[in-house]
Amino acid sequence: MNRRSYREAHLDIQEDPLRLMARLIRSGLFDSYVVYEDGSQWSLGGNALATVQLSSDDAADLNRVEEQLAAVPVNDWRAYGWAAFELGPVLAGMDIPEKTPLLHLVIPADEVRVEGGSVLVRSVDPERLEGLVQLVRTAGDDIKLAERISLSLDDTGNYQAAVAAALVEITGDGPLHKVVLSRRLPVPTDVDLVATYVAGRRANTPARSFLLNLGGIEAAGFSPETVAEVTSDGTVTTRPLAGTRALTGSEADDARLRARLLSDPKEIHEHAISVKLALEDLAAICDNPLVSEYMTVQERGSVQHLASTVTGRLRPGHGPWQAFAALFPAVTATGIPKAPAYPLIRSLEGLPRGLYAGAVLTCDSLGNLDAALVLRSIFRQDDRCWLQAGAGVVQQSRPEREHTETCEKLRSIAPYVVPAESSADGSEGRRAMPARSRHRVHTDR
């Protein structure tokens, strides 16, 4: 296989990275893309040069991902993509009815990375590189955000009844100590996901954020925590959040709610058992994992959480995908233990979660991997659009409080949903650029 190299350009720019990313997506240059903000850097990977996919038939061993990424036809690559929640049961050895992709990664033909006041533009095609550079340099109009969709957060389904049913399981003789149950909130009209991302990001304080159109699903989200952070030297970090109270905007009220959060036996118990499982997950692949921060309070958009940081160093022979497999899905979005939580979640929620409570991630040829937990997000797939939020159910839970917690979390995204504007031909703002050649490493069976 002939290997290719990225052509690069380095630019200085003063434009807000959020606005730049939105403007690049609005240009119409990318038929698929992932925008990923990791705290210090904003990245856009667009147009698939190579693709790695796993379905339920071949996803039980994530070593396959490393093998397929090693075969990609470009040097110095960074991959972008997502993992569906249902990958978790498959990694646990369970059968699931879905045969759709559970993991979808692309190595992009075009890439833009922003850090500080510097922009790195990369493409495998010199002509496309030139066009991207000109687009980055050409400032455009800001995204219109005035109009919003009004959404009721009421429980129109049976969420409180589902929580009550889960409590029966948790207080019985079974192994479950906790299960995270979620509910969907349909959006009744089409959505401008780019504008929603801009509006929501300006109002939120996420650990990670993302905007994507990849593998048949579109999403924008403001992730409160990471599932796994793996650096090239083998350091692994996961940052579980469990325990929630609202943020009101009033300093006095928020301080009062924070004090309640830090003293509530239910929230403390939920957090402590989540951290314990995160330590156990890391112990499978790391020597002497430890908690470097314990039960601090992190503010994430419309809520504040109890937060801890768990770290370890990979044992020889283990890599980033073994770390991801050990930690995925996040303990804060599944249950304790994870395996018996999967069938209960499916039974009580009634639908596959898909990307919700899965991960959006990047990884690279140096061994770095960064995976954001997909919460506080809006999704569009198969002409449907929805929000989704959950709460952790433990023995001390009350159905009405868990419903209230889902409302508190939904307020991180619901007030910022922007309706789509109609367009005669859908081509507004599009520019012609040379086509890409593509290489598919692996497809669904």
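Residues numbered from 1 in each chain as written. Predicted model: local features only at pLDDT ≥ 70, side-chain atom pairs only at ≥ 80, totals over all residues. Heavy atoms only, no water.

Student: Explain the overall build of the protein here, please?
Tutor: Of the regular secondary structure elements, the protein holds eleven helices and 20 strands. Projected onto its principal axes, the C-alpha positions of the protein cover 65 × 50 × 40 Å. Within the protein, residue pairs in contact and separated by at least 24 positions form 76% of the contacts whose partners lie at least 6 positions apart. For the protein, the accessible area works out to roughly 17,800 Å², and carbon and sulfur atoms hold 47% of it. Computed over 47 positive and 59 negative side-chain charges, the inter-centroid distance for the protein is 1 Å. (Helix = DSSP H or I, 4+ residues; strand = E, 2+ residues; numbered from the N terminus. Contact = heavy atoms within 4.5 Å. Areas by Shrake-Rupley, 256 points an atom, 1.4 Å probe, with all protein chains shown as cover. Lys, Arg positive; Asp, Glu negative; His and termini not counted. Charge placed at Lys NZ, Arg CZ, Asp CG, Glu CD.)

Student: Please explain the nonpolar core as it appears in this structure.
Tutor: What tends to happen in soluble globular proteins is that the nonpolar side chains get buried as a cluster. With 85 residues, the main nonpolar core has Leu 69, Leu 212, Trp 321 and Phe 324 as its most contacted residues. The leading source of residues in this core is helix H5 (residues 159-170), at six residues. Ignoring sequence-local partners within four residues, the contact set of Phe 324 consists of Leu 62, Ala 83, Leu 87, Ala 359, Leu 361, Leu 369 and Ala 371. Listed in part, the 52 residues of the second largest apolar core include Phe 30, Leu 132, Leu 135 and Leu 151. (Core = buried A, V, L, I, M, F, W, Y, C linked by side-chain atoms within 4.5 Å. Buried < 20%, exposed > 50% of the residue type's maximum accessible area, 1.4 Å probe, protein only.)

Student: I tried to follow helix H8 (residues 265-283) on my own but got confused; where do I start?
Tutor: Owing to its 3.6 residues per turn, the α-helix brings residues three or four apart onto one side. Along its 19 residues, H8 runs 27 Å from first to last C-alpha, staying within 8% of the 27 Å computed at 1.5 Å per residue. Lys 266, Glu 267, Glu 270, His 271, Ile 273, Ser 274, Val 275, Leu 277, Ala 278, Asp 281 and Leu 282 are the residues of H8 that are buried. Its side-chain oxygen placed 2.8 Å from the backbone nitrogen of Lys 266, Asp 264 serves as the N-cap of H8. (Expected span 1.5 Å × (residues − 1). Polar contact = N/O pair within 3.5 Å; in protein donor to acceptor, adjacent residues only side chain to side chain.)

Student: Can you walk me through the packing of aromatic side chains in this structure?
Tutor: One pair of aromatic rings is described through two measures. These are the centre distance and the angle between the planes. Counted by the stated rule, this structure contains six aromatic pairs. Taking the centre distance of 5.9 Å and the plane angle of 75 degrees together, the rings of Phe 85 and Tyr 342 count as edge-to-face. With Phe 85 in the loop between strand S4 (78-83) and helix H3 (87-91) and Tyr 342 in helix H10 (residues 338-349), the pair connects residues that are 257 residues apart, well separated along the chain. Residues Phe 85 and Tyr 342 agree in their burial class; the two are buried. With 6.5 Å between their ring centres and 85 degrees between their planes, Tyr 356 and Phe 379 make a pair best called edge-to-face. Highlighted residues: Tyr 356 in the loop between H10 and strand S16 (359-364) and Phe 379 in strand S18 (residues 377-381), separated in sequence by 23 residues. (Phe/Tyr/Trp six-rings, centres within 6.5 Å; stacked < 30°, edge-to-face > 60°.)

Student: How should the confidence of the model for the protein be read in this particular structure?
Tutor: In low-pLDDT regions, the fine details of the predicted coordinates are not to be read closely. With 94% of its residues at a pLDDT of 70 or more, the protein shows a mean pLDDT of 91. Considering only residues more than four positions removed or in separate chains, one finds that residues 423-445, a stretch of pLDDT under 50, has 55 contacts. (pLDDT = per-residue confidence, 0-100.)

Student: What am I meant to see in unusual backbone geometry here?
Tutor: Note on backbone geometry: most residues besides glycine have negative phi, and most peptide bonds are trans. Cis peptide bonds are those with omega within 30 degrees of zero, and the linkage from Phe 328 to Pro 329 qualifies with -15 degrees. Cis peptide bonds are those with omega within 30 degrees of zero, and the linkage from Ile 336 to Pro 337 qualifies with -10 degrees. When you line up the elements, Pro 337 lands in the loop between strand S15 (335-336) and H10. If you check the backbone angles, Met 295 has positive phi at about 55 degrees while not being a glycine. Looking at the secondary structure, you find Met 295 in strand S13 (residues 286-300). Judged by relative accessible area, Met 295 falls into the buried class, the value being 17%. A positive phi is found at Asp 383, a non-glycine position, where the angle reads about 65 degrees.

Student: Is there a simple way to think about the side chain of His 104 in this case?
Tutor: Of note, His 104 is situated in strand S5 (residues 103-115). Ignoring anything within four residues of it in the chain, the contact list for His 104 reads Thr 51, Val 52, Gln 53, Tyr 80, Gly 81, Trp 82, Leu 214 and Gly 215.

Student: How do you make sense of helix H7 (residues 251-263) when you look at a structure like this?
Tutor: Look at H7: 18 Å from first C-alpha to last across 13 residues, which is about the 18 Å you get at 1.5 Å a residue. Of the positions making up H7, those classed as buried are Asp 254, Leu 257 and Leu 261. All buried residues of H7 project into a common sector of 65 degrees when viewed along the axis, lining one side. Relative to its buried face, H7 has exposed residues pointing more than 90 degrees away, namely Ala 252 and Ser 263. Against the buried residues of H7 lie strand S12 (241-246), H8 and strand S14 (303-314). (Arc of directions from axis to C-beta.)

Student: Help me out: how do you make sense of the environment of Val 65 in this one?
Tutor: Tracing the chain through its elements places Val 65 in helix H2 (residues 63-69). In the structure, Val 65 is positioned 28 residues away from Gly 93 in sequence and 17 Å away in space, judged by C-alpha atoms. Once you skip the residues sitting within four places of it in the chain, Val 65 turns out to touch Leu 54, Leu 103, Leu 105 and Trp 321.

Student: Just to check I follow, could you spell out the environment of Arg 398 for this structure?
Tutor: In this fold, Arg 398 is placed in the loop between strand S19 (384-393) and helix H11 (399-410). For the pair Arg 398 and Leu 387, spaced eleven residues apart in sequence, the C-alpha to C-alpha distance is 23 Å.

Student: For this particular structure, what's the right way to read the pairing of S18?
Tutor: Within a regular strand, side chains alternate between the sheet's two faces. Among the five residues in S18, four count as buried, and that is most of the element. Note that strand S9 (residues 217-223) and S18 share four bridges and pair antiparallel. Considered in S18, the bridge of Glu 218 is made with Arg 380. One ladder, built from four bridges, connects S18 with S19; its direction is antiparallel. In the strand pairing of S19, Gln 381 is matched with Arg 384. Hairpin connection from S18 to S19: two residues lie between these consecutive antiparallel strands, with Asp 382 at a positive phi of about 50 degrees. (Pairing = 2+ DSSP bridges.)

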